[in-house]
Amino acid sequence: MAKKVHLITLGCSRNETDSAELASILVQSDWQLTENPEEAEAIVVNTCGFIDSAKKDSIDTILAAHDVKMQHGTKAVVAVGCMAERYGKDLADELEEADAVIGFDQYPQLGSILSSIVQGEKIQSHTPFDRRTLLSKTPTLRNPSNLFVPGHGSSDVVRVRLDSKPYSPLKIASGCDRRCTFCAIPRFRGAYVSRKPVDIIAEAAWLSSQGVKELLLVSENSTSYGKDLGEVRLLEILLAALSEIEGIERIRISYLQPAEVRPGLFETIIQTPKVTNYFDLSFQHASPSVLRSMRRFGDAESFLGLISEIRSLDPVAAVRSNVIVGFPGESESDVQTLLDFIAEAKMDTVGVFPYSNEENTEAMQMEQQIPAEEIHHRFERVSRLVEEISQQRSEERVGEIVDVLFDTTSYEGRNQYQAPEIDGITRVNQSHAAGSIVKARVREAQGVDLIAEIL
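Please read these numbers as outputs of a predicted model, since none were measured by experiment.

Participant: Can you walk me through unusual backbone geometry in this structure?
Facilitator: Outside of glycine, negative phi angles account for most residues, and trans bonds account for most peptide bonds. Positive phi is not limited to glycine here, since D30 has a value of about 70 degrees. By secondary structure assignment, the location of D30 is in the loop between α1 (13–28) and β2 (31–33). Given a relative accessible area of 55%, D30 falls into the exposed group.

Participant: Where do I start with the layout of surface pockets in this structure?
Facilitator: By rolling a water-sized probe across the atoms, one finds the places where empty space is left. Considered as a void within the structure, the second largest pocket measures approximately 560 Å³ in volume. Around the second largest pocket, the lining is made up of 25 residues, and of these T9, V160, R161, L162 and D163 lie nearest the centre. When residues of the lining of the second largest pocket are traced back to their parent elements, those giving at least two are β1 (3–9), α1, β6 (167–171) and α6 (197–209).

Participant: Can you walk me through the sheet that holds β6 in this structure?
Facilitator: Sheets are built from strands that pair by backbone hydrogen bonding, the pairs being arranged parallel or antiparallel. Spatially, the three strands line up as an open sheet ordered β6-β9-β10, and their pairing is parallel. Two strands close off the open sheet at either side, each with one partner strand: β6 and β10 (250–253). Strand after strand, the sheet turns through a mean of 25 degrees between neighbouring axes, direction not considered. Note: β6 against strand β9 (residues 214–218), five bridges, orientation parallel. When the sheet's bridge partners are listed, L170 is paired in β9 with L217. Along the sheet face, α1 touches β6 and β9 and points at about 85 degrees away from the line of β6. The strands touched by α6 are β6 and β9; relative to β6, the strand with the most contacts, the crossing angle is about 165 degrees.

Participant: Which parts of the structure should I look at to understand the packing of aromatic side chains?
Facilitator: Two aromatic rings are characterised by how far apart their centres lie and by the angle between their planes. Applying the stated criterion across every chain, the model contains eight aromatic pairs. Note on F266 and F279: the rings are 5.3 Å apart at their centroids and 80 degrees apart in plane angle, and the pair reads as edge-to-face. Highlighted residues: F266 in helix α8 (residues 265–271) and F279 in strand β11 (residues 278–280), separated in sequence by 13 residues. Looking at F279, the relative accessible area reads 0%, which means it is buried. Residue placement shows K3 over the ring face of W31; its charged tip is 4.9 Å from the ring centre.

Participant: Sorry, what's going on with the packing of α6 against helix α7 (residues 234–242) here?
Facilitator: Helix packing for two helices is described by the angle between their axes and how far apart those axes are. For the pair α6 and α7, the least separation of the axes is 10 Å and the interaxial angle reads 30 degrees. On the basis of their axis angle, the class for α6 and α7 is roughly parallel. As for how α6 packs across α7, the hand of that crossing is right-handed. Where α6 approaches α7, its residues P197, I200, I201 and A204 are matched on the opposing element by L234, L238, A241 and L242.

Participant: Would you take a moment to explain the environment of G103 for this structure?
Facilitator: By the secondary structure assignment, G103 is in the loop between β5 (100–101) and α4 (110–118). If sequence neighbours within four positions are ignored, G103 has contacts with E85 and H126.

Participant: Looking at this model, I keep getting lost on the sheet that holds β5. Mind explaining?
Facilitator: Read across the sheet, five strands follow the order β2-β1-β3-β4-β5 without closing on themselves; strand pairing throughout is parallel. Among the strands making up the open sheet, the edge pair consists of β2 and β5. When strand β3 (residues 42–47) meets strand β4 (residues 76–81), the two strands line up parallel, connected through six bridges. Paired with V44 across the strands is V78, a residue of β4. Relative to β1, α1 is tilted by about 175 degrees, and along the sheet it contacts β1, β2, β3 and β4.

Participant: Please clarify how the pairing of β10 should be interpreted in this entry.
Facilitator: Each regular strand carries side chains that alternate between the two faces of the sheet. Covered by surrounding structure in β10 are R250 and R252 together with I251 and I253, the residues of both alternating faces. Bridge count between β9 and β10: four bridges; the pairing is parallel. Following the sheet pairing, L215 is matched in β10 by I251. You can see the chain leave β9, run along α7 and come back into β10, and the turn it takes is right-handed.

Participant: Could you clarify how one ought to interpret the pairing of strand β12 (residues 318–325) in this entry?
Facilitator: β12 sits mainly inside the fold: eight of its eight residues count as buried. The alternating pattern of β12 places A318, R320, N322 and I324 and V319, S321, V323 and V325 on opposite faces, both of which are buried. Sheet analysis places β11 next to β12, joined by three bridges and oriented parallel. Counterpart to Y278 in the pairing with β12 is A318. As paired elements, β12 and strand β13 (residues 349–354) share six bridges and run parallel to each other.

Participant: When you look at the side chain of K69 in this model, what are you seeing that I'm missing?
Facilitator: Within the secondary structure, K69 is located in helix α2 (residues 52–72). Judged by its relative accessible area of 14%, K69 falls in the buried class. Here the side chain of K69 touches D99 through a polar contact of 2.9 Å, side chain to side chain. Once residues within four sequence positions are removed from consideration, K69 is found in contact with T74, K75, V77 and D99.

Participant: Explain a negative patch on the surface here, please?
Facilitator: A cluster of acidic residues, D90, D93, E94 and E96, forms a negative patch on the protein surface. Among the secondary structure elements, E96 is positioned in the loop between α3 (82–94) and β5. By relative accessible area, which is 71% here, E96 ends up exposed.

Participant: Explain the nonpolar core here, please?
Facilitator: Burial of nonpolar side chains together is a common tendency in soluble globular proteins. Residues L215, L217, L242, F279, L281, F341 and V382 are the most contacted members of the largest nonpolar core, which totals 65 residues. The residues touching L217, leaving out its near neighbours within four places in the chain, are L170, I172, S222, L239, L242, I251, R252, I253 and S254. Core analysis: the next-biggest nonpolar cluster, separate from the first, contains 25 residues, L22, A42, V118 and F188 among them.

Participant: Help me out: how do you make sense of empty space enclosed by the protein in this one?
Facilitator: By the definition in use, this model includes two cavities of 30 Å³ or more. As for the largest cavity, its lining consists of 14 residues, of which D348, S394, R397, D423 and V448 are closest to the centre. Here the second largest cavity defines a volume of roughly 100 Å³. Contributing to the lining of the second largest cavity are 14 residues, with R131, L147, V149, R189 and G190 lying nearest its centre. Residues of the lining of the second largest cavity, tallied by class, amount to nine nonpolar, three polar and two charged.

So, how was this worked out
Residues numbered from 1 in each chain as written. Predicted model: local features only at pLDDT ≥ 70, side-chain atom pairs only at ≥ 80, totals over all residues. Heavy atoms only, no water. Helix = DSSP H or I, 4+ residues; strand = E, 2+ residues; numbered from the N terminus. Buried < 20%, exposed > 50% of the residue type's maximum accessible area, 1.4 Å probe, protein only. 1 Å grid on protein atoms, 1.4 Å probe; cavity = no way out; pocket = protein on both sides within 12 Å on 5 of 7 lines; lining within 4 Å. Points joined across faces, edges and corners; volume = space filled by probe spheres on them. Pairing = 2+ DSSP bridges. Axes fitted to C-alpha atoms, helices over the stretch in contact; angles between N-to-C directions. Contact = heavy atoms within 4.5 Å. Phe/Tyr/Trp six-rings, centres within 6.5 Å; stacked < 30°, edge-to-face > 60°. Lys NZ or Arg CZ within 6 Å of the ring centre and 35° of its normal. Parallel < 35°, antiparallel > 145°, perpendicular 65-115°, else oblique. Left-handed = near helix turned anticlockwise from the far one by under 90°. Right-handed = clockwise from strand over helix to strand, strands pointing away. Polar contact = N/O pair within 3.5 Å; in protein donor to acceptor, adjacent residues only side chain to side chain. Patch = residues over 30% accessible without salt bridge, like charges linked within 9 Å, V, L, I, M, F, W, Y side chains within 5 Å. Areas by Shrake-Rupley, 256 points an atom, 1.4 Å probe, with all protein chains shown as cover. Salt bridge = Lys/Arg side-chain N within 4 Å of Asp/Glu carboxyl O. Lys, Arg positive; Asp, Glu negative; His and termini not counted. Charge placed at Lys NZ, Arg CZ, Asp CG, Glu CD. Core = buried A, V, L, I, M, F, W, Y, C linked by side-chain atoms within 4.5 Å. Nonpolar A, V, L, I, M, F, W, Y, C, P; charged D, E, K, R; others polar.

Written out as structure tokens, the structure reads:
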């Protein structure tokens, strides 16, 4: 009989695609997936290593898995994912509850690694290193064929669906070539690598056959897609191809880098059938001085110009972003610049994050570190304004007709301006089956949530 394994996924939607691939690797290695950790011989935790809170969640989950092991006889608790890749054997030394800490390059052997641990063997944990050194600095000279890139799969569609939701993340690229001073992701995720369009299209068609209605295109930087394949406008071409897949009704793009927005991209997104008019632009701040310290580009004026361009093409298009408050050297004037920008931009939703130091980043070594108490105070100020603006944007949608997709059988769904889990929901007056898409008129706003009546 196949051995049973329980897979836990933490962090972002990119991790979800990696877990789907890991699940396939395990199944092909004669492991059987189980949703019940208490009956599993092995528990695999796909960790997140982005910020302190995510790392804490990962450690807490590993400790909880170890408790299950002690109580129910589980033989192996293994950490994989970003935190495992980032810290490797150092994490293993400090966290004895994990029987092994596995890096990306060990993923193809995960099934045999688990079998060895179950049989009582000791596995040497991953030694971390800078994955940016694995590929050429010149994007078009990169050859990742001999490199394992998590979640990339192939045209054979090596995946296992881990849920039955009518939406699914679809990875279009991994890694990042930017050098933001606050971010360690490129160090453990590596240089930017685009998936081949044929592989993405094949996976999208397979997802459609599995009942998926909405594709969430994910990567660390979607505007860079195709640059390493020699075609900087490949995203536009890919969107057109994906929109032709039967059964796919909605395509959503995440993480557009403002500094890399090229002429015609917004028009393509708005004009391509099935692609939602939803613009996830990563601004991070609005003060020029703070942005330069972050090694990012732009200012409030240029960002407002991008938003204005979008709304000139579609006045009701959704715009969301993320910002960091309390970055080293941020002055009171910088905070006011950010507040003024948010007030004028009137974005639908904004994720506000308090700055925290991350190992192996330049920002950690910067002078003028902001005290934690002041960071929290600034975080609260910006968050309050964001809540107010989001409420206003929701109220402006009263009277609009929206397309509501139901993720589960219920009265609650998401319209085209709402991404899963981060942008609120739309409640309607009739229950619908999961996967249904109906038209409804917005009648009321409650924060980021909308109340609508089925037409």
